[in-house]
Protein chains: 2
Amino acid sequence: MTLEFNLWMQGVQSQMEQALSAVLPAQDAIPAQLHTAMRYSVLDGGKRVRPLLVFAAGAVVNAPFERLQYVGAAVELIHAYSLVHDDMPAMDNDVLRRGKPTCHVAFGEASALLAGDALQTLAFDLLSMHTLADSASHQLTMVNILARASGSLGMCGGQGIDLYSVGQALSLTELERMHGLKTGALIRAAVLLGSYCGEAISDEDRHRLDYYARCIGLAFQVVDDILDEEADSATLGKTAGKDAANNKPTYVSLLGLAAAKEKAAELKADALAMIAPFGEKARHLVMLADFIVERSS
Amino acid sequence: MTLEFNLWMQGVQSQMEQALSAVLPAQDAIPAQLHTAMRYSVLDGGKRVRPLLVFAAGAVVNAPFERLQYVGAAVELIHAYSLVHDDMPAMDNDVLRRGKPTCHVAFGEASALLAGDALQTLAFDLLSMHTLADSASHQLTMVNILARASGSLGMCGGQGIDLYSVGQALSLTELERMHGLKTGALIRAAVLLGSYCGEAISDEDRHRLDYYARCIGLAFQVVDDILDEEADSATLGKTAGKDAANNKPTYVSLLGLAAAKEKAAELKADALAMIAPFGEKARHLVMLADFIVERSS
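The following paragraphs examine the structure supplied in this document. (Residues numbered from 1 in each chain as written. Chains lettered and ligands numbered in written order. Predicted model: local features only at pLDDT ≥ 70, side-chain atom pairs only at ≥ 80, totals over all residues. Heavy atoms only, no water.)

### Thoughts on the pattern of salt bridges
Side chains bearing opposite charge may pair, as long as their charged atoms lie close to each other. Heads up, the rule is: For this document, the term salt bridge refers to a Lys or Arg side-chain nitrogen within 4 Å of an Asp or Glu carboxyl oxygen. For the exposure calls, accessible area comes from a 1.4 Å probe over protein chains only, and a residue counts as buried if that area is under 20% of its type's maximum, exposed if over 50%, partly exposed in between. Only runs of H or I of at least four residues qualify as helices and only runs of E of at least two qualify as strands under DSSP, and these elements are numbered from the N terminus.
Scanning the model with the defined rule gives 34 salt bridges over all chains in all. Note that R283(A) is salt-bridged to E280(A), the shortest N-O span being 3.6 Å. For E280(A), a relative accessible area of 57% corresponds to the exposed category. For the salt bridge of D224(B) with R295(B), the shortest nitrogen-to-oxygen distance reads 3.2 Å. Taken together, the positions of D224(B) in helix α10 (residues 203-230) and R295(B) in the segment after α15 (283-294) put the pair 71 residues apart, joining distant regions of the chain. Given the relative accessible area of 8%, R295(B) is considered buried.

Structural data, given as structure tokens:
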């Protein structure tokens, strides 16, 4: 990781922490238990990969900082809500997340259910409240992009496929569809949304960004599976080896460790080739691709 | 109930059933279990009070039928998601809703959790996909109205207050705040959203509609409490007497039955006085007020 990237990343992460803290209702706003659970689940944790992608894509179109911050917050709120619900006993029954007790462990299942619900709503509240694009009609498109990416034909559908396939032998194609929805859809949305915040671009350029995002989203999951295989719980900040224990198919179980690593590297190379024409403006996207594939947690 | 009202109501209900069926993903769309649970939770049931309010308010501004149908569907999807999650074991643990097993009883808790999540998302998908107002900027306002009404400072917050106050003695003021959020916020949103679908109106007229909606929302809850006290499960289509059994405060427990009935009648009179200047255009709003206060289930 270069010094430039580290400074940029820490800057975005710190700014996102402030933005998220500002858009979440205060801890003592009624009902206080709900708002406490919402803040607990969002603040002080996470790499903020999706907001980083929003900012990096926004740089390609010279997007104003303030817009990117709200868009990054909206995407991160969707991500946070999905983790809160995914961790619940009826789903993955995870007790540890980002090194802290999960929301339902800390606040009870009812609060976790409501907190997740309200975090999702807050994302759409944010995307419709501030001026985030040069035209209201572009901004409506942005709302729709986030909704499509999050719903039953996007992220939530991916969680469903994951849920209903426990104990079943998934093929590589099925595994890719599942992850393409479960994690890929929101990562693509992050990049697309960032690209709507600034100067208009051609459909071809939008397609380049989307292709980058698809590769990176898939690489992200492949690396997650590799880390889950290799890491212990302390480094990962969540319960490790869980997928194998649940007999869930992973890239490592289907491809083997070496081929999985090769696949991640190939996806990164494809992603970078596609955004090469953007030159210097895409340098944060380039560095993020490195970061996502080389990370150790 | 007049014949005119009955025909209008049945027309809207039947049209909403078609619209909801069309906007929900097909039963066999992947993941099929999730889409089956979503369709089960929304279709073939309910009085569609919120869509009726959307249509009745839309009539005041001569709104196009097609817009009202999508807006009605969006509001109903939010309502449906809230019921699915509210019925879950961690919340009210209800097994019967609209005369059918609740979603988690029929499909399991994980599917109910995901179905509720995806129904919420679909509401925002709908509100941002079709042209629903004369300007995109008005339509963004509509997205924001729905988000505010649904989130932690609206409906979801009301559910939180309800949850955290079980076993506590709520005052009448606290009870009204809780219901103003839990059911009132979405009812107000339904009327406001309908009023954005057609001709521009003055702030004063918007205020009149909002005042009507506030009174009707409150009256709706007062009547719910009266019915819960008086009806048996068969008429109500859900488990009756549950609030009393849970020691939850109700208008009947705080005011007594006679005073609760008087309050409902007063709220209706206030609502009607406020929309009187709209004349004939508001006749569906007038009849809906009658319907909400005089209903027996």
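We are not done yet, so read on.
### Regarding the interface of chain B and chain A
As a reminder, the rule being used: Contacts are assigned to residue pairs that have any heavy atoms within 4.5 Å of one another. Buried area: the sum, over both parts, of the accessible surface (1.4 Å probe) that disappears when the two are put together.
Listed as interface residues are 46 residues of chain B and, on the opposing side, 46 residues of chain A. Carbon and sulfur atoms make up 69% of the surface buried where chain B meets chain A, a total of about 4000 Å² over both sides. Sorting the residues of chain B by area buried against chain A places L114(B), L140(B) and Y164(B) first, and these three jointly supply 16% of that buried surface. Here chain B and chain A share 2 salt bridges between them. As a salt-bridge pair, R148(A) and D125(B) come within 2.8 Å of each other at their nearest N and O atoms. Sorting the residues of the side of chain B that touches chain A by element identifies α2 (32-42), α4 (65-86), α6 (109-129), α7 (136-150) and α8 (155-164) of chain B as the ones contributing at least two each. Sort the elements by how many residues they give to the side of chain B that touches chain A and α6(B) lands first, with 14 residues.

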